[in-house]
Amino acid sequence: MTPVTRQEVLGLYRKIFRIAKKWQSASGQIEETIKEKEYIINEAQTLFRKNKNVTDPKLIKQCIDECKARIEIGLHYNIPYPRPIHLPPMGLAHKQGRMLRHQEKLRKISKPIYLKSHDEVS
């Protein structure tokens, strides 16, 4: 990891903790605010620890982009949790064969950047 990239990653990590410190839930309830603050901190710690040994520059860039996207979406919608995606159900595909594999591939490709690591951790 280059020194510039390291600084950027550490800056994002600090930014997330500053956001968590100032976070207010949309409902304004104290219990919910505390729960959301804890979620933000735990999610950041989990994902940063999971990715601390990544050395591939492209993968590092992808992780940084995902982090920035999740920060922006969280601040914009005032929701710390990843926004759900709505993809067509797989009920029309056969339980085996090419159509199922093709539909699974399309679902994987269509997943937004801010959800790439969410399913791996949850």
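Throughout what follows, the structure given in this document is the object of discussion. Since this is a predicted model, take the numbers as computed values, not measurements. (Residues numbered from 1 in each chain as written. Predicted model: local features only at pLDDT ≥ 70, side-chain atom pairs only at ≥ 80, totals over all residues. Heavy atoms only, no water.)

**Description of a nonpolar patch on the surface**
Piece 1. A cluster of nonpolar residues, Y77, I79 and Y81, forms a patch on the protein surface that exposes about 260 Å² of accessible area.
Piece 2. Note on placement: I79 falls in the loop between α3 (57-77) and α4 (98-109). (Patch = residues over 30% accessible without salt bridge, like charges linked within 9 Å, V, L, I, M, F, W, Y side chains within 5 Å. Areas by Shrake-Rupley, 256 points an atom, 1.4 Å probe, with all protein chains shown as cover. Salt bridge = Lys/Arg side-chain N within 4 Å of Asp/Glu carboxyl O. Helix = DSSP H or I, 4+ residues; strand = E, 2+ residues; numbered from the N terminus.)

**Here we look at helix α1 (residues 3-22)**
Piece 1. Its 20 residues place the ends of α1 29 Å apart at the C-alpha level, agreeing with the 28 Å of an ideal helix rising 1.5 Å per residue.
Piece 2. The set of residues buried in α1 consists of T5, V9, L12, I16, I19 and A20. Down the axis, α1 shows its buried residues gathered within 100° of arc, on one side only. Along α1, exposed side chains directed more than 90 degrees from the buried face belong to P3, V4, Q7, K21 and K22.
Piece 3. Taken together, the buried residues of α1 touch α2 (30-50) and α3. (Expected span 1.5 Å × (residues − 1). Buried < 20%, exposed > 50% of the residue type's maximum accessible area, 1.4 Å probe, protein only. Arc of directions from axis to C-beta. Contact = heavy atoms within 4.5 Å.)

**A word on the pattern of salt bridges**
Piece 1. By the definition in use, this model includes 3 salt bridges.
Piece 2. Measuring nitrogen to oxygen at the nearest pair gives 2.9 Å for the salt bridge that ties K68 to E8. One end of the pair, K68, is in helix α3; the other, E8, is in helix α1, and 60 residues separate them in sequence.
Piece 3. Of the charged contacts, one joins D65 and K61 as a salt bridge, the two residues approaching to 3.1 Å between their closest N and O atoms. Of this pair, D65 and K61 both sit in helix α3, 4 residues apart, which is roughly one turn of the helix.
Piece 4. For D65, a relative accessible area of 27% gives the class partly exposed.

**Examining α3**
Piece 1. For α3, spanning 21 residues, the distance from its first C-alpha to its last is 30 Å, which sits close to the expected 30 Å at 1.5 Å a residue.
Piece 2. Regarding α3, the residues found buried are I60, I64, E66, C67, A69, R70, I71 and G74.
Piece 3. Immediately downstream of α3, the backbone of N78 shows phi near 60°, a positive value.

**Thoughts on the nonpolar core**
Piece 1. Of all hydrophobic cores here, the largest spans 13 residues; its most connected members are L12, I16, I40, I64, C67 and I71.
Piece 2. Looking at this core, the elements that each hand over two or more residues are α1, α2 and α3.
Piece 3. Top contributing element to this core by residue count: α1, with 5 residues.
Piece 4. Look past the residues within four positions of I64 in its chain and what remains in contact with it is T5, E8, V9 and L12. (Core = buried A, V, L, I, M, F, W, Y, C linked by side-chain atoms within 4.5 Å.)

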